[in-house]
Amino acid sequence: MLRNIVAVLVLVTLVAGAVVWWSSSPGVTSRRELDQARARWAEREPTKYSFVISSCSGMCIACPWRITVLDGEPVAVERAGGDRGCGAPPTVEQASTIDTLLDTADQERARLFGHTWVAYDAHWGIPVRFEDTCTDADCGSGTSIYDFRVLAE
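The structure reproduced in this document is the subject of the present report. (Residues numbered from 1 in each chain as written. Predicted model: local features only at pLDDT ≥ 70, side-chain atom pairs only at ≥ 80, totals over all residues. Heavy atoms only, no water.)

Quick notes on the overall build of the protein
Move 1: Along the backbone of the protein there are three helices and six strands.
Move 2: When each of the 153 residues of the protein is scored for burial, the buried share is 29%.
Move 3: The contacts of the protein with a sequence gap of at least 6 include a subset with a gap of at least 24, amounting to 51%.
Move 4: A total accessible area of about 9500 Å² is found for the protein, and carbon and sulfur atoms account for 58% of it. (Helix = DSSP H or I, 4+ residues; strand = E, 2+ residues; numbered from the N terminus. Buried < 20%, exposed > 50% of the residue type's maximum accessible area, 1.4 Å probe, protein only. Contact = heavy atoms within 4.5 Å. Areas by Shrake-Rupley, 256 points an atom, 1.4 Å probe, with all protein chains shown as cover.)

Structure (structure tokens):
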């Protein structure tokens, strides 16, 4: 009888430990943060806004682009500083919106055992930083989203 009780307690402890580990794992935590960010964005999304996005992979120069969005569609992309070596900006059709960045965060979140970290703005819910890390110092990448502006129509 005592052996059965001990076996049940061990099993319950293992299951409880697995549940605690799973609920605090990066993928699950990221889902909660993403859901909260989407709710904040849905509540406050302006009709017209702009933001700067800058991405870098390994050792590279910063190439920031200001994207302007009207009614959920990109309408303009322009250089927002950076080096002239950045090349041509993305086309309006290729440009991100906050909704597409939240979708990207969801895709990255699905990589439960990946190394992507996403930070969200506490007021707007917009992703402000995507960061991929790796063991080689020159292979990480990051995207920053900053200078978010609500624009008059």
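Brief notes about the environment of W41
Move 1: Topologically, W41 is positioned in helix α2 (residues 26–44).
Move 2: A relative accessible area of 2% places W41 in the buried class.
Move 3: For the pair formed by W41 and D121, sequence separation is 80 residues and the distance between their alpha carbons is 9.6 Å.
Move 4: Discounting chain neighbours no more than four positions away, the residues touching W41 are P46, Y49, I98, D99, L102, W124, I126 and F148.

So, unusual backbone geometry
Move 1: One non-glycine residue, D71, lies in the positive phi region at around 50 degrees.
Move 2: Position of D71 relative to the elements: it lies in the loop between β2 (63–70) and β3 (73–79).
Move 3: Classification of D71 as exposed rests on a relative accessible area of 59%.
Move 4: In the Ramachandran plot, D147 falls in the positive-phi region, its phi being about 55 degrees despite a non-glycine side chain.
Move 5: The residue D147 is located in strand β6 (residues 141–150) in this model.
Move 6: By relative accessible area, D147 is classed as partly exposed at 36%.

Side note on the pattern of salt bridges
Move 1: The full count for this structure, using the stated rule, is six salt bridges.
Move 2: A salt bridge links R31 to D106; the nearest nitrogen and oxygen atoms lie 3.1 Å apart. Taken together, the residues span a long stretch of sequence, with R31 in helix α2 and D106 in helix α3 (residues 98–109) at a distance of 75 residues.
Move 3: With a closest N to O distance of 3.9 Å, R44 and E43 form a salt bridge.
Move 4: Through salt bridges that share partners, R31, D35 and D106 make up one connected network. (Salt bridge = Lys/Arg side-chain N within 4 Å of Asp/Glu carboxyl O.)

Comments concerning the pairing of β2
Move 1: In terms of residue burial, β2 counts as a mostly covered element, since seven of its eight residues are buried.
Move 2: Across six bridges, the pairing between β2 and β3 is antiparallel. Along β3, the bridge assignment pairs T68 with A76.
Move 3: Between β2 and β3, which pair antiparallel one after the other, the connecting turn spans two residues, and D71 there sits at a positive phi close to 50 degrees. (Pairing = 2+ DSSP bridges.)

Concerning the side chain of T143
Move 1: Along the chain, T143 falls in strand β6.
Move 2: When its relative accessible area of 17% is taken as the criterion, T143 is described as buried.
Move 3: The contact partners of T143, leaving out residues within four places of it in the chain, are I53, S54, S55, V128, R129 and F130.

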